[in-house]
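Residues per chain, in single letters:
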There are 2 protein chains.
Amino acid sequence: MNKTIKLFHGDGGKYTSELIENIFYKHFNNSILTSGIDSALFNVNSGKMAFTTDSFVVKPLFFSGGNIGKLAVCGTINDLSVSGAKPLYLSAGFIIEEGFSIEILDLIVEEMAKQCKLLGVKVVTGDTKVVEKGSADRIFINTAGVGVIQNNYEMKKIEAGDKIIVSGNIGDHGTAITLERYGVDVKSNIKSDCASVYEIVEAIKEYYPFVKIMKDPTRGGIATILNEISSISGLGIKLVEENIPILREVQGVNKMLGLDPLYMACEGRVIIVAKSEVAKEILGRLRSLKQCKDASIIGSFTEDSERIVYVENSFGGERILNTLDGEMLPRIC
Amino acid sequence: MNKTIKLFHGDGGKYTSELIENIFYKHFNNSILTSGIDSALFNVNSGKMAFTTDSFVVKPLFFSGGNIGKLAVCGTINDLSVSGAKPLYLSAGFIIEEGFSIEILDLIVEEMAKQCKLLGVKVVTGDTKVVEKGSADRIFINTAGVGVIQNNYEMKKIEAGDKIIVSGNIGDHGTAITLERYGVDVKSNIKSDCASVYEIVEAIKEYYPFVKIMKDPTRGGIATILNEISSISGLGIKLVEENIPILREVQGVNKMLGLDPLYMACEGRVIIVAKSEVAKEILGRLRSLKQCKDASIIGSFTEDSERIVYVENSFGGERILNTLDGEMLPRIC
C-alpha cells in the first residue's frame, strides 16, 4: 500500500476503493456504510428530525486534548445535541492534499470512529477528494449529522430574568490551539475541552419545559454566542465576572497574549438559558456529572432593547462584550 | 460590504453574520435555515430515509454547462435520486480561501439556489470556514442531503441477462472540464451534462419492481461504475460499442487527447440495470423525456465469475474495460 495520498486515490477507481476499504470501512465498519449504495439508508419513525453540518480546517491537526477527527465528530454531534436531538448518523467528507500521510489519516479516522463508538453514532456515508499539492492545507473534514428530537425539546421565548448557565470552564479549546499554533512555551496543562455534550443535555432533559435555548459556544466563544442569543431574544445580558469559570492557567495565558478568554472557542461546553426558578436545580444536576463540576450560573437576561451584553466585575465595574468585529485566530476548528 | 473574503468572515462574529445574511440567507431563504437554531429541524413520517454527502473541488469553478454550485447541488441530489429517494433537504459547507471574490461567491450560491428551486429542495443548514491565502484553492463546497425512499425502491440481486441502460450521452462533463482545464481550442459545443436526474428515475418508477440497481456514473465514468456493479453482482458485463451513446465531438476530442470517453465523468446521467423483459419499455419511457432522447440499452450481464467488463465492437472485436488504476484528470467534480 502507498504511504502517502496520491491524486489517483481520488479518481474513483481502484486506489480510491483501496483507500476506502483500508481506512474508512476498517474504522467506521457498519452495514449501512458498506452496502455499496450511493446513499445511506435507514428507517425512521414519525417525528422531528435535526440535520446539521460543519467543516473542520483546524491547524494544527493534532493538539493537546484532541485532533481534527475528534473535533469533526464532536462538533456535529454537539450541534445536534444542543438542538435537543439524539445524534444518530454522520456523513464524513474528506478533502485531502496530495502527499498527505496515510498513517496520519488512519490515526484521524481511528479517532473519529472511537468518538462515534462512545456515543453509539455511526458514520454511514462519506466522500474522499484529493487535490494537488498546494491546493489545500493537508486535510479538511466536513461532517453532517442527522438525529431525532427527543423529549419534545424546542426553543422558547427568552424573558428578562432568565438565567444563563455554562456547563464548565470556558476558553480551553481556543487557548490550547493558540499555544500550539504559536509554539508558546509555557508549562501548562491546558487541554482542549473537545468532547461530546450529548450526555450533558441528556442529563437535564426533565427541565426541558423550562429550558429556553441551548448553544455550544464554539467560534468566537461565549461572548459571540451570547451576543447571538441576545439578538434572538431582543434582550440585554448581564454577566457576573466572578461566576464565569475560567481555569487560572487559561486566564494567565490569555492575559499574557493580550487575548480575552470570553472570545475563545469551547468545543465541549454548553450554554443553557433557563427560567430562573429551575436554574439552581439544573446547576446541581450538571455538577453531578464529572465533566461539569465547574458548571456555573454566569448571568441573566435584562430588559434592554439595545441588546447590550456586559460583564460586571466584583468592584461593580462594567465591560461591554461586543460582537467580534476584527480578526481572531483563524482555523480554530 | 467587502469585495473579497477576509479571514474575519470565518470567525463566527459580525462579519460572518453579515456574509450569511447577504449571501446565504438571501439566496437559500427558507424558514428552516433562518431559524437561528444550530440544526435544521423538520418533520418526517415513518419510513426509510436516505442520507449522502459529496465534496466538490472542481477546477475550473465555472465551465461550459455549469459551475461548482450547480455541481454541488445536483451531485448530492443525484446520489439520493439513484438510491430511490426523493431529495428533501441539503446542507452546504463552504471552505473559502482568503481573498476569494464575494461577487463570484454570490454567483455560485445563486446557482445553487436556482437548482434547489427547480427541484423543490431546500438548503436548510450550512457552515462557512475561511482559510488563509494559499491554504485552499479558491473554494470547496460540501453538500450532504437527506431524502425519503419512494415507491419501495430497493437494490436487488443482479442476474445474467439483466440489461444495462444509460439515460443519455456519456462523457460530456469530463470532456468539457478537460477542454477548459487545458485550454484546448477546438470549436465545439461540448457542454457538461450536469443536471438533476431525479426526474429521470421518477419517470420509470412503475418499473422499480424490475429495476435491480441505479447509479450515476460520475468520477471514472461508466467504465468505473460498471466495474463496481460487476463486482457487487459477481457477474461479468458485455457492452455493445455501437449502442453506447457518445457525441461525435466528445468522441473526437477524446481521440485527439488519447483519452477514453468511457472513463469520463457524467454528471447528469443514470445507469439503470433492469430485468431483460422490461428493458425496452424503460427505454421507451426514458426517451420520452427531453434529456433522455439518446438513452440506450448498452449491454447486459453475463455468467462470468471473473467479472470481466468488456466492450464488443461491430466487427466482433473485444476490449476489456479495467478498473481505473492510474491517474485520470483530477478535480473533475
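The structure reproduced in this document is the subject of the present report. Given the structure is predicted, the values throughout are model-derived calculations rather than measurements. (Residues numbered from 1 in each chain as written. Chains lettered and ligands numbered in written order. Predicted model: local features only at pLDDT ≥ 70, side-chain atom pairs only at ≥ 80, totals over all residues. Heavy atoms only, no water.)

## Description of the overall build of chain A
When you go through chain A residue by residue, the secondary structure sums to 8 helices and 14 strands. Radius of gyration (C-alpha) of chain A: 21 Å, near the 20 Å computed for a compact globule of 333 residues. Counting only C-alpha atoms, chain A reaches 65 × 50 × 35 Å along its principal axes. Contacts in chain A between residues at least 24 apart in sequence constitute 84% of all its contacts with a sequence separation of at least 6. When the accessible area of chain A is evaluated, it comes to approximately 12,800 Å², of which 47% is carbon and sulfur surface. Positive and negative charge centroids in chain A, built from 37 and 42 side chains respectively, lie 4 Å apart. (Helix = DSSP H or I, 4+ residues; strand = E, 2+ residues; numbered from the N terminus. Rg over C-alpha atoms; globule rule 2.2 N^0.38 Å. Contact = heavy atoms within 4.5 Å. Areas by Shrake-Rupley, 256 points an atom, 1.4 Å probe, with all protein chains shown as cover. Lys, Arg positive; Asp, Glu negative; His and termini not counted. Charge placed at Lys NZ, Arg CZ, Asp CG, Glu CD.)

## Points about the relation of the copies chain B and chain A
Each copy of the sequence occupies a distinct position, and chain B is placed on chain A by a rotation of 180 degrees and an axial shift of 0.0 Å, giving an RMSD of 0.0 Å. Look at the turn and shift together and you get a two-fold axis relating the two. (Least-squares fit on C-alpha atoms with pLDDT ≥ 70 in both.)

## Describing the interface of chain B and chain A
Accessible area lost when the parts come together is the quantity often used to give the size of an interface. Contacts between chain B and chain A engage 76 residues on the former and 77 residues on the latter. Counting the surface lost from both chain B and chain A, the interface buries some 6,000 Å², and carbon and sulfur atoms represent 57% of this. Inspection of the chain B/chain A interface yields 9 salt bridges. Between Asp127(B) and Arg219(A) there is a salt bridge, with the nearest N and O atoms lying 3.2 Å from each other. Here chain B is connected to chain A by 33 residue pairs in polar contact (both at pLDDT 80 or more). Of all the secondary structure elements, the ones that give two or more residues to the side of chain B that touches chain A are α1 (14-28), β1 (40-44), β2 (47-56), α2 (68-82), β5 (85-97), β6 (122-131), β7 (139-149) and α6 (221-233) of chain B. Looking at the side of chain B that touches chain A element by element, the count peaks at 9 residues for β2(B). Class assignment for the residues of the side of chain B that touches chain A results in 32 nonpolar, 27 polar and 17 charged. Pairing of strand β2 (residues 47-56) of chain A with β1(B), which is carried by 5 bridges, proceeds in the antiparallel orientation. By the bridge assignment, Phe51(A) is partnered in β1(B) with Ala40(B). (Buried area = accessible area lost by both parts, 1.4 Å probe. Salt bridge = Lys/Arg side-chain N within 4 Å of Asp/Glu carboxyl O. Polar contact = N/O pair within 3.5 Å; in protein donor to acceptor, adjacent residues only side chain to side chain. Nonpolar A, V, L, I, M, F, W, Y, C, P; charged D, E, K, R; others polar. Pairing = 2+ DSSP bridges.)

## With respect to the packing of aromatic side chains
One pass over the structure, following the stated rule, counts 12 aromatic pairs over all chains. Residues Phe24(A) and Phe94(A) carry aromatic rings whose centres are separated by 4.6 Å and whose planes lie at 35 degrees to one another, so their mutual orientation is tilted. In this pair, Phe24(A) is assigned in helix α1 (residues 14-28) and Phe94(A) in strand β5 (residues 85-97), connecting sequence segments 70 residues apart. A residue is classified by how much of its surface remains accessible, and Phe24(A), at 6% relative accessible area, is buried. Each residue in the set Phe24(A), Phe28(A) and Phe94(A) is aromatic and connected to the rest through ring pairs, giving one cluster. Note that Lys129(A) overlies the ring of Phe56(B), its terminal NZ or CZ placed 5.7 Å from the centroid. (Phe/Tyr/Trp six-rings, centres within 6.5 Å; stacked < 30°, edge-to-face > 60°. Buried < 20%, exposed > 50% of the residue type's maximum accessible area, 1.4 Å probe, protein only. Lys NZ or Arg CZ within 6 Å of the ring centre and 35° of its normal.)

## With respect to the pattern of salt bridges
This model, assessed by the stated rule, comprises 41 salt bridges over all chains. The partner of Lys59(B) in a salt bridge is Glu132(A), and the shortest N-O contact between them spans 4.0 Å. Here Lys59(B), found in the loop between β2 and β3 (62-63), pairs with Glu132(A), found in the loop between β6 (122-131) and β7 (139-149), and the two come from separate chains. Judged by its relative accessible area of 16%, Glu132(A) falls in the buried class. One salt bridge in this structure joins Glu228(B) and Lys215(B), with 3.2 Å as the shortest N-O distance.

## Comments concerning the nonpolar core
When a protein is soluble and globular, its nonpolar side chains tend to lie buried together. Core analysis: the largest hydrophobic core is formed by 97 residues, its most contacted members being Phe94(A), Leu105(A), Ile139(A), Val211(A), Met214(A) and Leu226(A). If sequence neighbours within four positions are ignored, Phe94(A) has contacts with Phe24(A), Leu105(A), Val109(A), Met112(A), Asp127(A), Thr128(A), Lys129(A), Ile139(A), Phe140(A) and Ile141(A). Of all hydrophobic cores here, the second largest spans 55 residues; its members include Ile164(B), Leu235(B), Val253(B) and Ala274(B). (Core = buried A, V, L, I, M, F, W, Y, C linked by side-chain atoms within 4.5 Å.)

## Let's talk about a nonpolar patch on the surface
On the surface, a nonpolar cluster with roughly 240 Å² of combined accessible area is contributed by Met256(A), Leu257(A) and Leu259(A). Topologically, Leu257(A) is positioned in helix α7 (residues 248-257). (Patch = residues over 30% accessible without salt bridge, like charges linked within 9 Å, V, L, I, M, F, W, Y side chains within 5 Å.)

## Describing the side chain of Asn78(B)
Residues and elements named next belong to chain B. Along the chain, Asn78 falls in helix α2. Given the relative accessible area of 1%, Asn78 is considered buried. When residues no more than four places from it in sequence are discounted, the contact partners of Asn78 are Ala195, Ser196, Val197, Tyr198, Asp216, Glu267 and Gly268.

## Points about the sheet that holds strand β9 (residues 211-215) of chain A
Residues and elements named next belong to chain A. Strand order in this open sheet of 7 strands is β9-β11-β8-β12-β10-β13-β14, and the pairing throughout is mixed. Both edges of this open sheet fall to β9 and β14 (318-320), since each of them pairs with a single strand only. Pairs of neighbouring strands in the sheet enclose a mean axial angle of 25 degrees, with direction left out of account. As paired strands, strand β13 (residues 309-312) and β14 are joined by 3 bridges and run antiparallel to one another. Bridge pairing links Val311 to Arg319 in β14. Contacts between helix α8 (residues 276-287) and the sheet are confined to β8 (163-166), β9, β11 (271-274) and β12 (296-302), with β8 contributing the most and set at about 5 degrees to the helix. (Axes fitted to C-alpha atoms, helices over the stretch in contact; angles between N-to-C directions.)

## Focus on α6(B)
All names here are of chain B. Compared with an ideal rise of 1.5 Å per residue, which puts 13 residues at 18 Å, α6 spans 18 Å between its outermost C-alpha atoms and is within 8% of the ideal. For α6, the set of buried residues is Gly221, Ile222, Ala223, Thr224, Ile225, Leu226, Asn227, Ile229, Ser230 and Ser233. The inward-facing, buried residues of α6 contact β8 (163-166), β9 (211-215), β10 (236-240), β11 (271-274), β12 (296-302) and β13 (309-312). After α6 finishes, the residue Gly234 shows a positive phi value of roughly 75 degrees. (Expected span 1.5 Å × (residues − 1).)

Geometric values such as these leave the question of function open.
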